[in-house]
Amino acid sequence: MDLHTMLAFKYISFHYLKYFFIILIALVLFLVGFDYMGSAEKLDISANLLLIYLVYKTFFAIDMLLPLSLIFAMISTKIFLIRSNALVSFYSLGYSRVDILKPFVVVSTAMILLFISLHSVSNFARADEMAKNIRKNAQYLSPTRDLFFTYKDKFVYFSKMLPLQESAEDIRVFSFSNSSLKEVLVAKRARYRGDAWHINAADIITKPDEISFDSLGIKVTQEKNLEILQGFRPKMLDQVYEGKVNFTIKDAIDAYLLLKEQKINTDVVKSSLYKIFVYPFFVPSLVVIIFFFVPVSVRFLNVSLFSFGAIISSLLIWAILFALIELSSHKTLLSEVGIVLPVFILFLIALRQWRRYRLTT
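Residues numbered from 1 in each chain as written. Predicted model: local features only at pLDDT ≥ 70, side-chain atom pairs only at ≥ 80, totals over all residues. Heavy atoms only, no water.

K.L.:
What is the right way to look at the overall build of the chain in this model?
P.N.:
Helix and strand counts for the chain come out as 12 helices and six strands. The buried share of the chain, taken over its 361 residues, is 44%. (Helix = DSSP H or I, 4+ residues; strand = E, 2+ residues; numbered from the N terminus. Buried < 20%, exposed > 50% of the residue type's maximum accessible area, 1.4 Å probe, protein only.)

Structure (structure tokens):
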């Protein structure tokens, strides 16, 4: 990249990022403010919790609106370049359409990668869930109650689990042998430490292999310092078995591997992974598609009409993708059809546009 190309890249990137942050902040403030006005009467909580609630709603708004803001920022930047005659000047100096497009693609892709990495942070990935719990229960995460699941050859029951405290109460672990109940572990509390659930004291109820008048009967022993459910992290348990879809990256990958190992349906977890890693990449594709529809000069462009059409089209595509994600999360559609296929189609259209204009300029 020569000096002149680098200067043009920096100039366009600067204005693109400027419009992006302005639009993102405006949309986030609008969404959070609108939500607060609608929820003010229900938020009978302390000032500290109210502030935390607004922070979580801000995270959720960023999660929803950042991809859309990147597209709106590209439209705004392109209109600015046309109205200031900067775009005509770039073309007069020998820059091609692809040269002007590159800063938009590079910056939007970099922002999308940063956006994806934010989903490794629990407070960001689960912001909507935490905000709802503050509004409903005046705490970050409500306890998960009556959690019953299978693990390898055991059935496990937690009366109450606290994901943030990484603890559970009233535990029952049922072990089977040859389709017959063999023993039951009963404990009042368990805590997750290291890579397993630790129980300080538990009663082990063992059933005899054969039940008859001559058998020894049920045997009850007390055990201390037990470890169960290696690898079953509290947040992953809470999300997988409660049917929640706001996974962090690590939780989603661990949950997918765990459910696949146990031959349990992984559709919900796959849709979460596709939502994190695939869905955001509709942005660079849509940026390329919209870019090539914009005329070079304001003389050939009704700016107001183009802006209206581009914004409505972007909103429509975003809304359709969002609806398909929701359908995939609820197992109405296969996640490959509802998330991967639409993004791949947009990518193919963008690639065709890119190759077409690269060869003609």
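Further notes follow.
K.L.:
In this structure, what is going on with the layout of surface pockets? I would like to understand it.
P.N.:
Remark: the empty space left among the atoms is shown by a probe the size of a water molecule rolled over them. In this structure, the second largest pocket encloses a volume near 200 Å³. Taken together, S167, A168, E169, K188, R189, A190, R191, R193, H198, I199, N200 and A201 make up the lining of the second largest pocket. Put simply, the parts of the chain that give the lining of the second largest pocket at least two residues each are β3 (167-177), β4 (180-193) and β5 (196-206). When residues of the lining of the second largest pocket are assigned to their parent elements, the largest contribution, five residues, is made by β4. Partitioned by chemical class, the residues of the lining of the second largest pocket number four nonpolar, three polar and five charged. (1 Å grid on protein atoms, 1.4 Å probe; cavity = no way out; pocket = protein on both sides within 12 Å on 5 of 7 lines; lining within 4 Å. Points joined across faces, edges and corners; volume = space filled by probe spheres on them. Nonpolar A, V, L, I, M, F, W, Y, C, P; charged D, E, K, R; others polar.)

K.L.:
Sorry, what's going on with the environment of H198 here?
P.N.:
Topologically, H198 is positioned in strand β5. When near neighbours in sequence (up to four residues on either side) are disregarded, H198 contacts R189, A190, R191, R193, L226 and E227. Engagement of the side chain of H198 in a polar contact is seen with the backbone oxygen of R193, the distance being 3.1 Å. (Contact = heavy atoms within 4.5 Å. Polar contact = N/O pair within 3.5 Å; in protein donor to acceptor, adjacent residues only side chain to side chain.)

K.L.:
Mind showing me how you'd approach the environment of H119 here?
P.N.:
Position of H119 among the secondary structure elements: in the loop between α4 (97-118) and α5 (122-125). A relative accessible area of 7% places H119 in the buried class. Taking the C-alpha atoms as reference points, H119 and I276, 157 residues apart in sequence, are found 7.3 Å from one another. Discounting chain neighbours no more than four positions away, the residues touching H119 are D63, F124, A125, F247, T248, I249 and I276.

K.L.:
Please clarify how the pairing of β3 should be interpreted in this entry.
P.N.:
As paired elements, strand β2 (residues 154-162) and β3 share eight bridges and run antiparallel to each other. If you follow K154 over to β3, its bridge partner there is S175. (Pairing = 2+ DSSP bridges.)

K.L.:
Explain the sheet that holds β2 here, please?
P.N.:
Two strands in a sheet stick together by hydrogen bonds in their backbones, pointing the same way (parallel) or opposite ways (antiparallel). Read across the sheet, six strands follow the order β1-β2-β3-β4-β5-β6 without closing on themselves; strand pairing throughout is antiparallel. Two strands lie at the open edges of the sheet, namely β1 (144-151) and β6 (219-228), each paired on one side alone. With direction set aside, neighbouring strand axes in the sheet form an average angle of 20°. The sheet contact formed by β4 and β5 spans seven bridges and is antiparallel. Each bridged residue has a counterpart across the sheet, and for L185 the counterpart in β5 is I204. (Axes fitted to C-alpha atoms, helices over the stretch in contact; angles between N-to-C directions.)

K.L.:
I would appreciate a short explanation of the pattern of salt bridges in the present structure.
P.N.:
Any two side chains of opposite charge can pair, so long as their charged atoms come close to each other. Under the defined criterion, the tally for this structure stands at eight salt bridges. A salt bridge links K57 to D128; the shortest N-O distance between them is 3.8 Å. Taken together, the positions of K57 in helix α2 (residues 47-83) and D128 in helix α6 (residues 127-137) put the pair 71 residues apart, joining distant regions of the chain. We note that K57, like D128, is buried. Three or more residues joined by partner-sharing salt bridges are found here, namely D35, K57, D128, K132 and R135. (Salt bridge = Lys/Arg side-chain N within 4 Å of Asp/Glu carboxyl O.)

K.L.:
Explanation requested: a nonpolar patch on the surface in the structure shown.
P.N.:
A cluster of nonpolar side chains, L334, V337, L341, F344, I345, F347, L348, I349 and L351, forms an exposed patch at the surface whose accessible area comes to about 780 Å². Of note, V337 is situated in helix α12 (residues 335-360). (Patch = residues over 30% accessible without salt bridge, like charges linked within 9 Å, V, L, I, M, F, W, Y side chains within 5 Å. Areas by Shrake-Rupley, 256 points an atom, 1.4 Å probe, with all protein chains shown as cover.)

K.L.:
Could you clarify how one ought to interpret the nonpolar core in this entry?
P.N.:
Side chains that are nonpolar tend, in soluble globular proteins, to be buried together. With 63 residues, the main nonpolar core has I75, L101, F104 and F282 as its most contacted residues. Going through the elements one at a time, α1 (3-39), α2, α3 (86-92), α4, α10 (282-291), α11 (303-329) and α12 are the ones with two or more residues in this core. A total of 15 residues in this core trace back to one element, the largest contributor, which is α2. Residues contacting I75, with those up to four places away along its chain left out, are I290, F306, A310, I311 and S314. (Core = buried A, V, L, I, M, F, W, Y, C linked by side-chain atoms within 4.5 Å.)

K.L.:
Looking at this structure, how should I read the packing of α4 against α10?
P.N.:
Between two packed helices, the angle of one axis relative to the other and the distance separating the axes together describe the packing. Contact geometry for α4 and α10: axes closest at 9 Å, N-to-C directions at 160°. Classified by the angle their axes make, α4 and α10 are roughly antiparallel. Considering the relative orientation of α4 and α10, their crossing is right-handed. On α10, the residues that touch R97, I100, L101, F104, V105, S108, T109 and I112 of α4 are V283, P284, V287, V288 and F291. Counted by class, the contact of α4 with α10 contains 10 nonpolar, two polar and one charged residues. (Parallel < 35°, antiparallel > 145°, perpendicular 65-115°, else oblique. Left-handed = near helix turned anticlockwise from the far one by under 90°.)

K.L.:
Would you explain the packing of α2 against α10 in this entry?
P.N.:
Contact pair α2 / α10: the axes reach a minimum separation of 9 Å and the direction vectors enclose 25°. Between α2 and α10, the interaxial angle falls into the category roughly parallel. Considering the relative orientation of α2 and α10, their crossing is right-handed. Facing α2, whose interface residues are P67, L70, I71, M74, I75 and K78, α10 presents F282, V283, L286, V287, I290 and F291. Split by residue class, the contact of α2 with α10 holds 11 nonpolar, no polar and one charged.

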